[in-house]
Amino acid sequence: MSPLIPTPDTLPVAWGWFQFLLLLTLPFHLLAMNAMVGSAGLALYARFRPDEPSRQLAHELAKVLPFLVAFTVNFGVAPLLFNQVLYGHFLYVSSILMAVFWLAVIPLLILAYYALYLYDFRFNALGKAGTIFLAMSLLIFFVIAFIYTNNMTLMLLPSEWVAYFQNDGGTLLNLNDPTLLPRYLHFMIGALAVGGLFVALFGKWREKGDAAMAATAVRLGMTTFTWLTLVQILVGLWFLMALPKKVMLIFMGGDMLATVIFLVALILALAVLVTGLKKKVYLTASLAVTLVVLMSFMRAYVRMGFHEPYFSVRSLLVVPQYSPMWVFFLSLVAGLLCIGWMIKKVVEIR
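Residues numbered from 1 in each chain as written. Predicted model: local features only at pLDDT ≥ 70, side-chain atom pairs only at ≥ 80, totals over all residues. Heavy atoms only, no water.

A.B. asks: Summarise the overall build of the protein; cite the residues concerned and give the values.
C.D. replies: When helices and strands are tallied, the protein shows 11 helices and zero strands. Ordered by position in the sequence, the α and β elements of the protein form the string α-α-α-α-α-α-α-α-α-α-α. For the protein, the C-alpha radius of gyration of 21 Å lies close to 20 Å, the compact-globule estimate for 350 residues. If you line up the protein on its principal axes, its C-alpha atoms span 60 × 45 × 40 Å. (Helix = DSSP H or I, 4+ residues; strand = E, 2+ residues; numbered from the N terminus. Rg over C-alpha atoms; globule rule 2.2 N^0.38 Å.)

As structure tokens, this is what we get:
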């Protein structure tokens, strides 16, 4: 193991529990983030459209966006914590190396959140100026995603940490990594695509309230999803080819389960293109959610492949202490019930 990598902490239960919980919670965060970014992008596009249904769609999405930010942030806490439990000795180091940018995520997020609330509550009063607040929020989301991508790739590459000795100001970025750009684009184009699908679902939900606006949402959302998914497949192949050969080969027969997941994901990606072109909103959504879950599994394989020369989660020591795990599960159930109750109340009010 590299001397730059700290000694990992012990675990209270076997590592598989934390890996399971990480894979269970991450798709919720990704889906909420995709809905947030995609809705902001399509709301911005709708703002520039001259027709009334598009303007109405921008107004309706303005009411949804603050909730999507809240869900994205809260759903992101659990996978980040489980990531820290298993890979904290990598993630803490990379976070310190780029601490200035990493800590900047919080004020940036607050700024974007506040701008979206203004966009929502002062939609009519702001007029065209509302576009500035919406565009600023979307730009901040892209910046935060870039910071996250840098940290999540820098934690995979302890060999790059020696750059600290030339730059100890907490401003390191992982810009020399050939996977950085395709990985970032893979996430962001995917977010806009799945966000388009969310807008289409939103339109189906509002069909009985405002038929013209709903039809615009479905048409715009499905078109965005389909074409960006096509681009996403190409970017995904670029990302795959940019991976180190030993990591890429995990999906080419190096690991049978990873290879099967990759092939199923590829088939699903082609399937959603077909269902997207046919405007099958609910079927496309079901397939897309499954695809996001499979992508989470593939992401885990990529991380393990990068870490293989230095570390394996299987090597983590366990000092049994089961009560915190039971408290967590009880809190998780209580939290999900609260979220369900809040969503029910919001739907009733709206």
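A.B. asks: So, the nonpolar core: which residues are in play, and what are the values?
C.D. replies: Counting residues in hydrophobic clusters, the biggest one holds 98 residues, and the most contacted among them are L134, F141, L243 and F251. In terms of residues, this core owes the most to one element, helix α2 (residues 52-97), which gives 15 residues. In contact with F251, not counting residues within four places along its chain, are L240, A258, T259, F262, M298, Y301 and V302. (Core = buried A, V, L, I, M, F, W, Y, C linked by side-chain atoms within 4.5 Å. Buried < 20%, exposed > 50% of the residue type's maximum accessible area, 1.4 Å probe, protein only. Contact = heavy atoms within 4.5 Å.)

A.B. asks: Run through the packing of helix α1 (residues 15-47) against helix α6 (residues 180-205), naming residues and quoting values.
C.D. replies: When two helices pack together, their arrangement is given by the angle between the helix axes and by the axis-to-axis distance. In the contact formed by α1 and α6, the axes pass within 6 Å of each other and the chain directions differ by 80°. Taken together, the axis directions place α1 and α6 in an arrangement best described as roughly perpendicular. Contacts between α1 and α6 involve L30, L31, M33, N34, A35, V37, G38, S39 and L42 from the first element and F187, M188, G190, A191, L192, V194, G195, G196, F198 and V199 from the second. Grouping the amino acids of the contact of α1 with α6 by side-chain chemistry returns 13 nonpolar, six polar and no charged. (Axes fitted to C-alpha atoms, helices over the stretch in contact; angles between N-to-C directions. Parallel < 35°, antiparallel > 145°, perpendicular 65-115°, else oblique. Nonpolar A, V, L, I, M, F, W, Y, C, P; charged D, E, K, R; others polar.)

A.B. asks: Give a detailed account of the side chain of H186, specifying residues and quantitative values.
C.D. replies: Structurally, the position occupied by H186 is in helix α6. Every residue in contact with H186, bar those within four places of it in the chain, is listed here: Q232, V235, G236, F239 and M295.

A.B. asks: Go over the environment of A285, please, and point to the residues and values.
C.D. replies: Counting through the fold element by element, A285 comes out in helix α10 (residues 281-307). Its relative accessible area of 12% is what places A285 among the buried residues. Along the backbone, A285 and L197 are 88 residues apart, and their C-alpha atoms lie at a distance of 6.8 Å.

A.B. asks: If you had to explain the packing of α1 against α2 to someone new, which residues and values would you point to?
C.D. replies: In contact at an axis separation of 7 Å, α1 and α2 are set at 155° when each is read in the N-to-C sense. Taken together, α1 and α2 sit at an angle that is classed as roughly antiparallel. Note that α1 runs across α2; the crossing there is left-handed. When grouped by side-chain class, the residues that make up the contact of α1 with α2 number 27 nonpolar, eight polar and two charged. (Left-handed = near helix turned anticlockwise from the far one by under 90°.)

A.B. asks: Before we move on, could you go through helix α3 (residues 99-121) and cite the residues and values that matter?
C.D. replies: Between its terminal C-alpha atoms α3 stretches 34 Å, which fits the 33 Å expected from 23 residues at 1.5 Å a residue. At V105, α3 is deflected by roughly 30°, the largest bend along its length, and proline P107 occurs up to four residues later in sequence. Where α3 is buried, its residues contact α1, α2, α4 (123-126) and α5 (130-154). (Expected span 1.5 Å × (residues − 1). Bend = angle between axes of the 7 residues up to and from the residue.)

A.B. asks: How would you explain the packing of aromatic side chains if you had to name every residue and give the values?
C.D. replies: Note on aromatic pairs: each is described by the distance of the centres and the angle between the planes. Within the structure shown, the criterion is met by 19 aromatic pairs. When the centroid spacing of 4.8 Å and the interplanar angle of 55° are considered together, the rings of W102 and Y148 count as tilted. Of this pair, W102 sits in helix α3 while Y148 sits in helix α5, and the two are 46 residues apart along the sequence. You can call W102 buried: its relative accessible area is 18%. Relative to Y301, the ring of F251 lies with its centre 6.4 Å away and its plane at 75°, an arrangement referred to as edge-to-face. Remark: Y301 occurs in helix α10 and F251 occurs in the loop between α8 (245-248) and α9 (256-277); sequence separation between them is 50 residues. Comparing F251 with Y301, the two get one shared label, buried. Taken together through their ring pairs, the aromatic side chains of W17, F18, F82, W326, F328 and F329 make up a single cluster. (Phe/Tyr/Trp six-rings, centres within 6.5 Å; stacked < 30°, edge-to-face > 60°.)

A.B. asks: Requested: an account of a nonpolar patch on the surface, with residues and values cited.
C.D. replies: On the surface, a cluster of nonpolar side chains totalling about 380 Å² of accessible area is made up of L4, V162, Y164 and F165. The exposed category is assigned to F165, whose relative accessible area is 58%. (Patch = residues over 30% accessible without salt bridge, like charges linked within 9 Å, V, L, I, M, F, W, Y side chains within 5 Å. Areas by Shrake-Rupley, 256 points an atom, 1.4 Å probe, with all protein chains shown as cover. Salt bridge = Lys/Arg side-chain N within 4 Å of Asp/Glu carboxyl O.)

A.B. asks: Can you lay out the pattern of salt bridges for me, pointing to particular residues and giving the numbers?
C.D. replies: When the charged atoms of two side chains with opposite charge come close together, those side chains can pair. Applying the stated criterion across every chain, the model contains four salt bridges. Between D51 and R49 there is a salt bridge, with its nearest N and O atoms 3.6 Å apart. Its relative accessible area of 23% is what places D51 among the partly exposed residues. Relative accessible area serves as the criterion here: at 35%, R49 is assigned to the partly exposed category. A salt bridge links K204 to E207, with the shortest nitrogen-to-oxygen separation between them at 3.3 Å. Residue classification places K204 among the partly exposed positions, given a relative accessible area of 25%. Residue classification places E207 among the partly exposed residues on the basis of a relative accessible area of 41%. Through salt bridges with shared partners, a single ionic network connects E60, K63 and R206.

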